[in-house]
Structures are given as structure tokens and as C-alpha cells.
Amino acid sequence: MKCVIGGSHLRVFGRAIHAIARISDEFWFDPNEKGLALRSVNSSRSAYACVFFSSMFFQHYCWTAEPELCRKKRQLPLMCKLVMKSVLPVFRCLNTLERNVEKCNIYTNVNECHITFKLFCKHGIVKTHNLAFHESEPLQAVFSRHMCPNVLKIQSRLLTDIMIHFPTCQEEVTVAVTPMKVCFKSYTEEEIDFSKTMHTKIHLNPDEFDYFQIGVDSEVTFCLKELRGLLAFAEATSATVSIHFDVSGKPIAFSIEDMMVEASFVLATLADIENRESSQQSLCLSQRQKRPTLMKAHAHNAENVSNNSADNDDNTETIASKKPCWTGRAHSNTESPVECSKPLSKGDIIPIISKKDVNLEVLDMSAAGDIKIVEEVEPSYSNQYKFHSLFFGAVSFKEQDVISHTLHSLATASDVEDDVDNEQLSQVV
Amino acid sequence: MRFRAKIVDVACLNHFTRVINTIAKLAKTCTLRLTVDKLYFILTDKVANGGVSMWCELSQGNFFDEFQMEGVAAEHNEIYLELTPENLSRALKTAQNAKTVKIKLTNKHCPCLTVAVELPSLSTSSRIVTHDIPVGVIPRRLWNDFREPSVPDFDVSIYLPVLKTMKSVVERMKNLSNCIVLEANLNGEMNLKIETDLVSVTTHFKGLGNPPWVSEDGSQSSTQDRDPESMAEARIDIRKLLQLLAGQQVNPTKALCNIVSKRIVHFILLHEEVSLQYFIPALA
């Protein structure tokens, strides 16, 4: 992969790196045909960030070394994970970057596991940074924004003005909405003494939003610290921030869309366990990886998998189809494997039910399409609240041992690639 | 017990915020005493505070447009609250362009000082930000602990040099030693000294002037008999001194200190609307 970022866009790119740095110490460098995505997930799997730069953003963008491959076949995806500590210094001082650097070339050297950042600066100075990466399949949150009943759109400047009232040490913030009003308030866990901490509340009029749609009254609590990265990025692009959310327990997504850049931060929200009815679904993430056997077995389902955009939120049908599969067992406490009648196709979201008393269940997968789902073991908390973590596509094709008491996420899952090439499957990764 | 106050003027809000910021730098928790005319921020000289004490007085009329207070009882028309000034400082920090700021005593799961900031917004109604700052109500039987400290029987009283200059001198000295000797005489001379095994540094200030004090009975103060050249000195913790100099945002019109030799240094920062007294005890 090779791309060139022009001087004027370097600032935006640098800001994206800074924003992602707030989420995690590592991130995936994930180029595809349409552009370059930078993805990151935090250590507790409760926050996901993705900044996607379309090919238009670059002065020059080429996804594969050999031009023919670009057109005909798919290239093997670059499974590249970079450490933030090594990348951040390259883009640390954005002001000097903008002033001195004329363009930045980024190219990958897969054989040697390097990504090279070459900054062409003024006065003929060229700075070359060779950063090693380690192989890792990129993960992405599968979250359908269309399904969210509550949608708010607000100017980034305004959103920053709101969040500024919370002290920098404030970790969690609750947003409470009704069709009449919006309120952002600081959140403190019940264990902490109320009589010690300061509480802040901000009441806003729906007029202040560019777009205000509340389908269901809700109160969701998310981590402000992680959001601040996006806010800083948004301010730089002075874009409108879209907020999509549902009831508590379901993730909240903050996104910015521009002609050339799309940024999206999906954060898990605190679930009120007491008020839970049936299945609570946490955010599901699927791995973007090849899944040849599945593809073979479910070639007929290939059509189900629609063209996956970077944020992959078009799997709504699959979500819906999966639901009936699981609600039945939401209340059950059995350990028997469940067979899903409808086979999974590529990019399917596996709803993961987290319930207090459900034990970890691991299901074996066979060619017929059983899905191996790994559920989280929840020790009984005296604390009523817990954060739902974003689960990664816990789908595996191999038989796996039952592993209890651990949070399982990754299993080798198939790619969520654009075109399904049924006849010619590249080798299994 | 009721308390409601409102600030509408931007300059007053600014000034009030600066006073609160100064208090926040000097004390982690302190006592707020409310009377009909004044607000007091008090820090008593308990061991927990390192022996320093503070007394800050504001005339409410200079800051608040509206001020209503009802004390615990008719004969004791005052309210004493224990609060963390840092919280108040934080609440006011982002309120600087507010239309109004209301402060009231409320009881939400615990007694709170609620700061309600009305901010201008693009929409028809203003944006309202409320901060609930938990406070502790101090019962009347403990009020005696918070009496105004009397001016000590000092040996020398002298005007301080320009606070900024004094601050930068003390800041540099802080790296060399934990204690600083502050000495002054009635000739308007002040020295700041540090002394360690390796180095001793002294900064001399001259021509500072000595404020005239008249004792209560009208007779000349005892300092008249003192040799004008003789220095009164006290060895104090340098960090406490720096806390005062670095934190202050009051920009006093008059700044002076009274030194009781080897006992205590009493700093007074005066402003038309605010007066701040700070006591630092001498180290053994």
C-alpha cells in the first residue's frame, strides 16, 4: 500500500492520530480499496474508534503494490497493528508539521513488517520513520446507526462548550433525553460518597441541536475521557457531530462525516441491570478477516452480505434475523449448545447476551452452521451497574474448548470484505 | 437556614472568581461564614493545616446583586459552612461569560451549595449549568473556633515588596531549601535568606516603608522604642510562603506583613473589596 498526504491535510491526519491515541496504545492501520481506516479498541473493549480517510483525501493512493491486483483480485488485507508510542511522535507537533512538511508518503513493506512514514520537509529535508508493526487482524465494531431511535446532531464547537463544564477528571457522563429536553450530567458510582463529589448538570434546549430526534426517552452513561479525543478532532474539522444512541446498555456512537474523512467513536454505555428485561445486547464486533470455509459453506448467503463500508452498519438484517435465535434462551440457564437455524454469513453480528446468571457457554461450530458463541461470565455483582463491553465477533470455525470465567472475544472470523469472490478464494489466513 | 445570592455583573463575577481561586490555592477545605453584610473564608490554625491560618473578608454588596440570608436562628443570623473551595473555583471557571450566576444553599441528598450559571446560547432559552457542591453545615456550638484572629503583638510591620518580584525570588529559593528566613526592620528594609550546608542566599529589599499602626488606646505603639535598624526575623516554611505569593490573584492595593520575632509572620493583603490575612507560624 502506498499513499501520499498533502501538506494541507497532514494536520487532519495528525489530529486523527491524536484522537485515536485517547482510546488505546495501539491501533490498526487498515487500508482497503476505498481508502485508509485507522481503528482502535480500548483495553476493556468498551470503546472503539475508527477514522476512515477516503482515497480522495490523499494526493495519491494505491492499495496494492501491483496495479493489476487493484482491479481484479482482492489483495490480502494488511493486518497491521501499530504502537501509538512510535507513531505519535511523528505527528506530535501539529503546528510545526503544517508549517514545515510539504507532503508525507506512507508505504508498507509487508515482507519486512514495516510501515514507512516519509516526511518531505522544507529546505530539502526528508525525515523517514520506519515503524515496525505486528500482525493482527483489525477489529471493527458492528453497530447499526440506523437502528438507533435517538439521533442528535450538533456543531462540534457547541459540544465542546458543553463538555468543558465537566472537570477534566470527570470520567463518566450521563446524557438524559426526552423529546422536550436534553441534559448532560456528571455520573458518580454509588459507592463513592455523594457528599464528597461535585455534581454538574447542563440543561439544553432542543433548539441548540441541528437535528433532534428522540424516539425513546433514555438516559445513557458513557465515558467522557474517551470522547474527548473525538471532540478535539471535530473542532479541527469544525464539523457537525452526530450522536446515535438507544437505551442504557446499548452503545452510543459519536460520528463526523465529511467528504473525505469519516470518524466514528462507538462507546459502550452503562447498563442498569435491575431494569433489564430480556436480552441485553452489547456491541458486537466482528473481525475483518477471511473466512473461507464459511464462505464456501454459505456461498448462497453471499448475497446477504451487502457491500461493507468502513463502518459496516448495513448488517441490520442480520441483526434482526439473529434476534429470534437468541431471545428464547435469554432466560435459560442451560449449558446446552444452541443451534441457530439460519447459518451465519460473513459479517454477521452475533448478539451476545450478557446476563448475570448465565454461565459461559461455548458452542461448537460445524460445517452446518452452528455458531460458537462465547458469552461473558458475570460474577454476581453487588454493584448494580456494569459496563457492557464491546464484544468482538466471537465466531470461530474450529472446535474450541469450553473456557469458562474468562471474557472471550476473538476467534478467527471471516473477513468482511467488499466483494465475495466465490470461485477464487485466496488462501486461508 | 436559607441562602440565595445572584451576580449579574461580569466584572463582579470575574473579581469574585479571582478571590475564590486565591482561596482555593491556600486551603483544601475551609469554612465559609455568611452574615448579612459579609462573606468570610476562614482557615483555623489546626495542626492539620500545618499551623497556618487564614481570614478572608468580602463585603457582599461589592459582588452580589441580590443577597438573601437567613441564619440558623434570629439571634445568630449567620451560616457557617465547611466547603472545598476548589469545587467552587471549578464551577466558576467556565462561567466567565455568564448572564447570571446564582448561588444558593440547597439540600439534595446532602447540604449543597448550588451554583446555577445561566449562559448565553443560540437558542431562545439560555443554557443552564448547575453545579452542586457538597458542603458541611457547622453547628453553632463550634462557631467559637472560627473567631477573627487578633493582630499579634508584632515587632516589626513592613510593606511587602512587589509581590511578583517576591514570588520569583522565593520560587528560586524553594529549590535550595525548605525553610526561608524573613527578616525586616523599621527602616523599610527586608531580607529573604536561605541557608544550607552548601550555600546561603540572601535577597535584600530596601525602601519598603513601614505602615503606621496605632494601638487601640491611642498611645504610641511599642515598636516606637525599637531600634530601627534591628531586624525582627522568623524562619518559616518556604512552601507556605510560596502558596500565598503564587496563588494570589487578588492584586492587592496594599500588602504588608507583621513579624513577631521567632514566632509568627502575619501577612495582610488589602483591596477595596477584599481583605486577606494569612498567618504562617515560625519553625522551631
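Rules of the game
- Residues numbered from 1 in each chain as written.
- Chains lettered and ligands numbered in written order.
- Predicted model: local features only at pLDDT ≥ 70, side-chain atom pairs only at ≥ 80, totals over all residues.
- Heavy atoms only, no water.
- Helix = DSSP H or I, 4+ residues; strand = E, 2+ residues; numbered from the N terminus.
- Buried < 20%, exposed > 50% of the residue type's maximum accessible area, 1.4 Å probe, protein only.
- Contact = heavy atoms within 4.5 Å.
- Areas by Shrake-Rupley, 256 points an atom, 1.4 Å probe, with all protein chains shown as cover.
- Rg over C-alpha atoms; globule rule 2.2 N^0.38 Å.
- Disulfide = S-S within 2.5 Å.
- Phe/Tyr/Trp six-rings, centres within 6.5 Å; stacked < 30°, edge-to-face > 60°.
- Lys NZ or Arg CZ within 6 Å of the ring centre and 35° of its normal.
- Salt bridge = Lys/Arg side-chain N within 4 Å of Asp/Glu carboxyl O.
- Patch = residues over 30% accessible without salt bridge, like charges linked within 9 Å, V, L, I, M, F, W, Y side chains within 5 Å.
- Pairing = 2+ DSSP bridges.
- Axes fitted to C-alpha atoms, helices over the stretch in contact; angles between N-to-C directions.
- pLDDT = per-residue confidence, 0-100.
- Buried area = accessible area lost by both parts, 1.4 Å probe.
- Parallel < 35°, antiparallel > 145°, perpendicular 65-115°, else oblique.
- Left-handed = near helix turned anticlockwise from the far one by under 90°.
- Nonpolar A, V, L, I, M, F, W, Y, C, P; charged D, E, K, R; others polar.

Colleague: Could you clarify how one ought to interpret the overall build of chain A in this entry?
Modeller: Counting its regular elements, chain A contains 8 helices and 24 strands. Looking at chain A as a whole, 56% of its 429 residues qualify as buried. Considering only intrachain contacts with a sequence separation of at least 6, the fraction spanning at least 24 residues in chain A is 69%. With the model as given, the accessible surface of chain A reaches about 18200 Å², and the carbon-plus-sulfur share is 50%.

Colleague: I'm lost on the overall build of chain B in this one. Help?
Modeller: Within chain B one finds 4 helices and 18 strands. For chain B, whose C-alpha radius of gyration is 21 Å, the value lies close to the compact-globule estimate of 19 Å for 284 residues. Taking the principal axes of its C-alpha atoms as reference, chain B extends roughly 65 × 45 × 30 Å. A buried classification covers 51% of the 284 residues belonging to chain B. In chain B, the proportion of contacts linking residues at least 24 apart, taken out of those at least 6 apart, comes to 64%.

Colleague: What is the right way to read the state of the cysteines from this model?
Modeller: In a disulfide, the sulfur atoms of two cysteines are covalently bonded to one another. All names here are of chain A. Scanning the model with the defined rule gives 0 disulfides over all chains in all. Cys 113 supplies the cysteine sulfur nearest to Cys 80, a cysteine that is in no disulfide, at a spacing of 8.7 Å. For Cys 80, a relative accessible area of 0% corresponds to the buried category.

Colleague: What is the right way to look at unusual backbone geometry in this model?
Modeller: A negative phi angle is the norm for most residues apart from glycine, just as the trans form is the norm for most peptide bonds. A positive phi angle is found at Arg 45 of chain A, which is not glycine, with a value near 55°. When you line up the elements, Arg 45 of chain A lands in the loop between strand E3 (35–41) and strand E4 (47–54). Phi angles above zero are rare outside glycine, and Lys 262 of chain B is one such case at about 60°. We classify Lys 262 of chain B as exposed; its relative accessible area is 58%.

Colleague: Would you mind showing me how to read the packing of aromatic side chains here?
Modeller: How two aromatic rings sit relative to each other is given by the distance of their centres and the angle of their planes. As enumerated under the stated definition, the model contains 18 aromatic pairs over all chains in all. With a centroid separation of 6.4 Å and 65° between ring planes, the pair formed by Phe 53 of chain A and Phe 58 of chain A is classed as edge-to-face. The burial state of Phe 53 of chain A is the same as that of Phe 58 of chain A; both residues are buried. By way of ring pairs, the aromatic residues Phe 13, Phe 29, Phe 53, Phe 57, Phe 58, Tyr 61, Phe 91 and Phe 117 of chain A are connected into one cluster. A cation sits over an aromatic face here: Lys 103 of chain A above Phe 120 of chain A, 5.0 Å from the ring centre. Its guanidinium or amino end placed over the ring of Tyr 40 of chain B, Arg 33 of chain B lies 4.5 Å from that ring's centre, counting from NZ or CZ.

Colleague: Sorry if this is basic, but what is going on with the pattern of salt bridges here?
Modeller: Pairing is possible between side chains of opposite charge, provided their charged atoms come close. A complete count under the given rule lists 21 salt bridges over all chains for this structure. For the salt bridge of Asp 246 of chain A with Lys 250 of chain A, the shortest nitrogen-to-oxygen distance reads 3.5 Å. The class for Asp 246 of chain A is buried, based on a relative accessible area of 13%. Across the pair Glu 78 of chain B and Arg 33 of chain B runs a salt bridge whose closest N-O atoms are separated by 2.9 Å. Within this pair, whereas Glu 78 of chain B is found in the loop between strand E5 (66–70) and strand E6 (79–83), its partner Arg 33 of chain B is found in strand E2 (residues 30–34), the two being separated by 45 residues in sequence. In terms of burial, Glu 78 of chain B and Arg 33 of chain B fall into one category: buried. One continuous salt-bridge network, built from bridges that share partners, spans Arg 157, Asp 161 and Glu 235 of chain A.

Colleague: Mind showing me how you'd approach a nonpolar patch on the surface here?
Modeller: All names here are of chain B. Taken together, the side chains of Met 1, Val 72 and Val 137 define a hydrophobic patch exposed on the protein surface, amounting to about 230 Å² of accessible area. The topology assignment puts Val 72 in the loop between E5 and E6. The exposure class assigned to Val 72 is partly exposed, which follows from its relative accessible area of 39%.

Colleague: Would you mind going over the sheet that holds strand E7 (residues 101–109) of chain A with me for this structure?
Modeller: Two modes of strand pairing occur in sheets, parallel and antiparallel, and in both the strands are linked by backbone hydrogen bonds. Residues and elements named next belong to chain A. Strands sit in the order E5-E1-E7-E8-E9 across an open sheet of 5 strands; the sheet is antiparallel. For this open sheet the edge positions go to strand E5 (60–62) and strand E9 (126–132), each flanked by a neighbour on one side alone. Shown here is a sheet whose adjacent strand axes are inclined to one another by a mean of 15°, direction ignored. Bridging between strand E8 (residues 114–121) and E9 involves 7 bridges; their strand directions are antiparallel. Pairing of Lys 118 across the sheet is with Thr 128, part of E9.

Colleague: Before we go on, may I ask you to explain the confidence of the model for chain A in this structure?
Modeller: Residue and element names in this part refer to chain A. In this model, chain A carries a mean pLDDT of 68, and residues with pLDDT of at least 70 account for 59%. Low confidence marks residues 274–385, where pLDDT is under 50. Its contacts with residues over four positions away, or in another chain, come to 295 contacts. Note that pLDDT drops below 50 for residues 391–429; the model gives that stretch 130 contacts with residues more than four away or on any other chain.

Colleague: It is not clear to me how the pairing of strand E18 (residues 274–281) of chain B should be interpreted in this structure. Could you clarify?
Modeller: On a regular strand, one side chain projects to one face of the sheet and the next to the other, so that they alternate. Residues and elements named next belong to chain B. Counted residue by residue, E18 has 7 buried out of 8 residues, so it is predominantly covered. Sheet analysis places strand E4 (residues 53–59) next to E18, joined by 6 bridges and oriented antiparallel. In the strand pairing of E18, Ser 53 is matched with Phe 279. Joining the antiparallel neighbours strand E17 (residues 264–270) and E18 is a turn of 3 residues.

Colleague: For this particular structure, what's the right way to read the interface of chain A and chain B?
Modeller: Think of interface size as the accessible area that goes away when the parts come together; that is how it is often given. The partner chain B presents 20 residues to the 20 residues of chain A that form the contact. Buried area between chain A and chain B, summed over both chains or domains, comes out near 1700 Å², and the portion from carbon and sulfur atoms is 56%. Among the residues of chain A in contact with chain B, His 165, Met 198 and Glu 208 of chain A are the three that bury the most area, contributing 35% of the side total. Put simply, chain A and chain B have 1 salt bridge between them. Between Arg 127 of chain B and Glu 208 of chain A there is a salt bridge, and its shortest N-O distance comes to 3.2 Å.

Colleague: Looking at this structure, I do not really get the environment of Ile 252 of chain A. What am I missing?
Modeller: Residue and element names in this part refer to chain A. Tracing the backbone through its elements, the reader meets Ile 252 in strand E19 (residues 252–257). Sequence-wise, Ile 252 and Asn 150 are 102 residues apart; in three dimensions their C-alpha atoms are separated by 9.7 Å. Ignoring any residue separated from it by four or fewer positions in sequence, one finds Ile 252 in contact with Val 175, Val 220, Phe 222, Ile 243, His 244, Phe 245, Phe 265, Val 266, Leu 267 and Thr 269.

Colleague: I'm lost on the packing of helix H1 (residues 10–26) of chain B against helix H4 (residues 238–247) of chain B in this one. Help?
Modeller: Two numbers describe a pair of packed helices, the interaxial angle and the distance between the axes. All names here are of chain B. In the contact formed by H1 and H4, the axes pass within 9 Å of each other and the chain directions differ by 165°. Relative to H4, the element H1 lies roughly antiparallel. When you trace H1 past H4, the crossing you get is right-handed. On H4, the residues touching Thr 22, Lys 25 and Leu 26 of H1 are Gln 243, Leu 244 and Gly 247. For the contact of H1 with H4, the residue count by class is 2 nonpolar, 3 polar and 1 charged.

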